[in-house]
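Structural overview for review
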Amino acid sequence: MNNMDTKKSLELYEEALNYFPGGVNSPVRAFRSVHGKPLFIERGEGCRIWDADGNEFIDFCCSWGPLILGHNHPDVKQQIQEALDKGTSFGAPTRYGNALAKLILDHNRYIEKLRFVNSGTEAVMSAVRLARGATGRNKVIKFEGCYHGHVDHLLVKAGSGLATFGVSSSAGVPASFAQETIVLPLNDRKALSQAFETYKDDIAAIIVEPIPANNGLMLQERSFLECLRLKCYQQGSLLIFDEVISGFRVGFEGAAAYYDIEPDIITYGKIIGGGMPVGAYGASAEIMGHIAPDGPVYQAGTLSANPVAMAAGLAQLEMCLQDGFYEQLEAKTQKIVGTINAFCEEKGYPVQLFSIASIFWIAFTKDTAVRSADAIDGEKMSYFKSLHQHLLARGIYVGPSGYEVCFVSAAHDEASITQAINAFCTSLDLVFG
Ligand SMILES: *Cc1c(COP(=O)(O)O)cnc(C)c1O
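Residues numbered from 1 in each chain as written. Predicted model: local features only at pLDDT ≥ 70, side-chain atom pairs only at ≥ 80, totals over all residues. Heavy atoms only, no water.

1. A few points about the packing of aromatic side chains
Our working definition: Two rings from Phe, Tyr or Trp (for Trp, the six-membered ring) form a pair when their centres are within 6.5 Å of each other. A pair whose planes differ by under 30 degrees is stacked, one over 60 is edge-to-face, and the rest are tilted. For the exposure calls, accessible area comes from a 1.4 Å probe over protein chains only, and a residue counts as buried if that area is under 20% of its type's maximum, exposed if over 50%, partly exposed in between.
The final tally for this structure, using the stated rule, is 16 aromatic pairs. Considering the side-chain rings of Tyr258 and Tyr259, the 5.1 Å spacing of their centres and the 75 degrees angle between planes classify their relative orientation as edge-to-face. The exposure class assigned to Tyr258 is partly exposed, which follows from its relative accessible area of 44%. Exposure remark for Tyr259: the relative accessible area of 8% places this residue in the buried category.

Structure follows, in structure tokens:
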């Protein structure tokens, strides 16, 4: 990697290979899709991280989205330390859970009650169970290219033909599970209507990332999301917005408020925990009344609403509520995206950055919109591999896959943004010039 010393990271990686499959605890960390070796990160401060060899990077991965304030924010650290002084976990309610729930519910029009869990995956798994329990139906519609965590029956891709049930996309998921999931293309109303015609009385829910950001950034037209809303009302199904990325990211009330569409159930993760493992799902008091111990849908957690994690979430979300917080983030992102797009335009490079709020994605297309998975040309991802190496060598850390989006945090200051833009432009010259 262009003179960058990665000896210590390599040693740690060699060691980790003895302990973990692929040397990692989550597959994308292995750098396989960029044919590299993972960097082991030693510490982070603000918008920067340092690896085990002391290389410094401006970080646009931000732990895959959670760190909207950047690394090691003093308020977050302080509230964690205060909670920590009192103990780490009790398996009993604490005031910290109340405080975080109140902060969220007081500023969210779409949910009246919520339940904390420990990850986005857990939030989605529980939300789907709730939808099934509340409707007494079995099937769930999801969309190709939306990621909802590693829940068994959502690790499913489209089978052949329209409006058909899915086939599993992971070993270990029984075909019978996959058959409870209907996988449709995004932005395709006809396929949606056909699915409801075929399975009408058995569709418990539609689950969608309202801002699909796990397979590139596939921004949807509001009218498509509106159509999902209407279909669910008409058919007695529930609409689940998976806002694990978009929640507290595109605004405090997430994509629901961004598009002004009211889902029935919302899932959160990532930002909600301030860098600690937290997820949540929420809905109206009536729908949440189905959850145990009030109702018959079982869901539990030994470490759920852990006070240290709640404190971290509280500190972070309090900052998000400050005046102008989201406007400033968006302005920074627009600076990056606007400058790089103008550069690519001028040079005639087949690249463009798509963005929304403080999320951006490097796309190798000149198409004005990418709204579904089949609009992405997988062959072009070979450009990303090369771009990724040049970016790393110039001190820019982005997620190690061309299908991953980048995140801008409140800690990205003017100087680091200018430095990042220059590094992006130089790297693009090296790939396409
Ligand atoms: C990250 C993500 C998940 C899974 O969350 P984990 O905390 O990794 O389990 C689910 N849905 C969406 C939309 C996500 O981006």
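2. Topic: the site of the ligand
Convention followed: Nearness here has a simple test: a residue counts as near a molecule or strand if at least one of its heavy atoms is within 4 Å of that partner. Polar contact is defined as a pair of N or O atoms within 3.5 Å, subject to the rule that within protein one atom must be able to donate a hydrogen and the other to accept it, and that residues adjacent in sequence are counted only when both atoms are side-chain atoms. Charged means Asp, Glu, Lys or Arg here, nonpolar means Ala, Val, Leu, Ile, Met, Phe, Trp, Tyr, Cys or Pro, and polar covers whatever is left, Gly included.
Inspection of the region around the ligand gives Ser119, Gly120, Thr121, Tyr147, His148, Gly149, Glu209, Asn214, Asp242, Val244, Ile245 and Lys270 as its neighbouring residues. Taking Asn214, its side chain carries an N or O atom lying 2.9 Å from an oxygen atom of the ligand. Between Asp242 and the ligand, the recorded distance is 2.7 Å, taken from a side-chain N or O atom to a nitrogen atom. Here the residues of the shell around the ligand sort into three nonpolar, six polar and three charged.

3. What about the layout of surface pockets?
Rule in force here: Grid points spaced at 1 Å and placed over the protein atoms alone form the basis of the search, with a cavity being a set where a 1.4 Å probe fits but cannot get out and a pocket an open set showing protein on both sides within 12 Å along at least five of seven lines. Lining residues have an atom within 4 Å of a point. Grid points are joined across faces, edges and corners, and a volume is the space filled by probe spheres set on the points. Helical segments are the DSSP runs of H or I of at least four residues, strand segments are the runs of E of at least two, and each set is numbered from the N terminus.
What the second largest pocket holds in volume is close to 680 Å³. At the level of elements, helix H3 (95-106), strand S4 (113-117) and helix H9 (285-288) are the ones that each hand at least two residues to the lining of the second largest pocket. Residue composition of the lining of the second largest pocket, grouped by class: 13 nonpolar, nine polar and three charged.

4. Some thoughts on the environment of Ile359
What counts here: Working rule for contacts: check all heavy atoms of both residues, and any pair within 4.5 Å makes them a contact.
Tracing the backbone shows Ile359 in strand S14 (residues 359-363). It is 9.5 Å that separates the C-alpha atoms of Ile359 and Leu329, two residues lying 30 residues apart in sequence. Sequence-distant contacts of Ile359, that is, excluding residues within four places in its chain, are made with Leu217, Ile245, Arg249, Val250, Thr333, Phe354, Val405, Cys406 and Phe407.

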